[in-house]
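# Notes for the structure review
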Amino acid sequence: MENTDWHNLGFGYRDTDYNIRCYYRNGQWGELEISSSKIINIHISATSLHYGQEAFEGLKAFKGKDGKIRIFRMDENARRLQNSCEGILMPEFPVEKFQEAVRLAIKMNKRFVPPYESDASLYIRPLLTGTGPEIGVKPANEYLFMIFVMPVGPYFPEGFKPTDLIIMRKYDRTAPQGTGKYKVGGNYAASMGAGKIAKEKGFSAVLYLDSKEKKYIDECGPANFFGIKNNTYITPLSDSILPSITNKSLIVLAKEMGLTVERRKVPYEELEEFEEIGACGTAAVISPIKGIYDADLDKWFRYGEKPGKWCTKLYNKLRAIQYGEEPDKYGWVEIIE
Ligand SMILES: Cc1ncc(COP(=O)(O)O)c(C=O)c1O
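What counts as what
- Residues numbered from 1 in each chain as written.
- Predicted model: local features only at pLDDT ≥ 70, side-chain atom pairs only at ≥ 80, totals over all residues.
- Heavy atoms only, no water.
- Near = heavy atom within 4 Å.
- Polar contact = N/O pair within 3.5 Å; in protein donor to acceptor, adjacent residues only side chain to side chain.
- Areas by Shrake-Rupley, 256 points an atom, 1.4 Å probe, with all protein chains shown as cover.
- Helix = DSSP H or I, 4+ residues; strand = E, 2+ residues; numbered from the N terminus.
- Nonpolar A, V, L, I, M, F, W, Y, C, P; charged D, E, K, R; others polar.
- Axes fitted to C-alpha atoms, helices over the stretch in contact; angles between N-to-C directions.
- Parallel < 35°, antiparallel > 145°, perpendicular 65-115°, else oblique.
- Left-handed = near helix turned anticlockwise from the far one by under 90°.
- Contact = heavy atoms within 4.5 Å.
- Salt bridge = Lys/Arg side-chain N within 4 Å of Asp/Glu carboxyl O.
- Buried < 20%, exposed > 50% of the residue type's maximum accessible area, 1.4 Å probe, protein only.
- Core = buried A, V, L, I, M, F, W, Y, C linked by side-chain atoms within 4.5 Å.

The local shell around the ligand holds 16 residues, among which Tyr188, Glu219, Ser244, Thr246 and Thr282 are the closest. A distance of 2.6 Å separates an oxygen atom of the ligand from a polar atom in the side chain of Tyr188. In this structure, Thr282 approaches the ligand through a side-chain N or O atom, which is 2.6 Å from an oxygen atom. Protein contacts shield 95% of the accessible area of the ligand, which totals 380 Å² for the unbound molecule. The set of elements that each furnish at least two residues to the shell around the ligand consists of helix H5 (245-256) and strand E15 (276-281). Broken down by class, the residue content of the shell around the ligand amounts to six nonpolar, six polar and four charged.

All right, on to the packing of H5 against helix H6 (residues 309-322) then. Helix packing for two helices is described by the angle between their axes and how far apart those axes are. Orientation of H5 relative to H6, taken along the N-to-C sense of each, is 110°, at an axis distance of 10 Å. The pairing of H5 with H6 is recorded here as roughly perpendicular in orientation. Handedness of the H5/H6 crossing: right-handed. In this structure, H5 contributes Thr246, Ser249, Leu250, Leu253, Ala254 and Glu256 to the contact, and H6 contributes Leu314, Lys317, Leu318 and Ile321. A class-by-class count of the residues in the contact of H5 with H6 yields six nonpolar, two polar and two charged.

This brings us to the pattern of salt bridges. Under the counting rule described, the total for this entry stands at 25 salt bridges. Across the salt bridge formed by Arg111 and Asp17, the nearest N and O atoms sit 2.7 Å from each other. Residue Arg111 is found in the loop between helix H3 (95-108) and strand E7 (121-130), and its partner Asp17 is found in the segment before strand E1 (19-25); the two are separated by 94 residues along the sequence. Judged by relative accessible area, Arg111 falls into the partly exposed class, the value being 45%. For the salt bridge of Asp75 with Arg79, the shortest nitrogen-to-oxygen distance reads 2.9 Å. With Asp75 and Arg79 both in helix H2 (residues 74-87) and four residues apart, this pair spans about one turn of that helix. Connected through shared salt-bridge partners, Arg73, Asp75, Glu76, Arg79 and Lys248 make up one network.

Below, the discussion takes up the nonpolar core. Ranked by size, the top nonpolar core spans 36 residues in total, and within it Phe98, Ile106, Ile124, Leu128, Phe145 and Ile147 carry the most contacts. At six residues, H3 tops the list of elements feeding residues into this core. Once residues lying within four places of it in the same chain are set aside, the contact partners of Ile147 are Asn19, Ile20, Phe98, Ala101, Val102, Ala105, Ile124, Arg125 and Pro126. With 26 residues, the next largest nonpolar core counts Tyr116, Leu253, Cys280 and Ile321 among its residues.

Dropping the structure here:
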């Protein structure tokens, strides 16, 4: 790793030394195993391959100025994975075992945790897949849980840079009472087509409206949505969006900063009224939004070329907690010894 250009990592797959695996057989989870192979050997008729019976997570570990490695809110990821498992009939992975696996994955790949100065971090990808063979549409009887990690660059190599979103009503990411609230692969496969169009047109992501009435804001492709107006942080309440851990954290910080917080349906028309818009998630913390283009009505909503006051404050605060520069008063970070 001596020759790694930590400052220009970007967000892409990279090999590291080890990954963690755990098998579910005969109705129970086995011991955590360490592997140096990047390959898994699964049955041709595994339910994950045919019917998308798989769920995943994404979280990060950060090296602070003090040289310590911090993991952010991994208990939340563990519980969200359990919720996804419940949603698509997979056995839940125990929270403590999830935490143990994350710690082990980081320790075994310590040399890949980017240095503090680089502003980069270690991305952690847990994955739970149906591996047992079935040909009828039903849950498998065997599963494989895995964790692999990779160093990733800061989401904004040029700094905290606002981008544009696009609304296209003819594409949905999930059904109204579907799997949008679970982090399962099928949702992401369903969003690739619209995501590709958005990127080709120069937008950072698609802003999805609710798929039933197209009246309310749901979320961005890979991130939750929030808007700020009149000292209020407003974020959609919807059954078809992923409960973002970043959003949950920003809500706490927004309240601490004196903002009122509203989690409710957000009508499309309200886009007219927001002073600031942010897309939030693990990858970017906050991606400030400078414009939203409604492709069906050929209409723009503009929010200014520079990141807004509250987006900047919230971003700096959360980032400082993650890197250990601010006291962790909510017990969100765990230091890896
Ligand atoms: C669809 C979707 N929404 C929101 C988020 C943000 O969630 P989190 O803040 O937990 O990363 C993600 C990323 O995990 C996502 O894939």
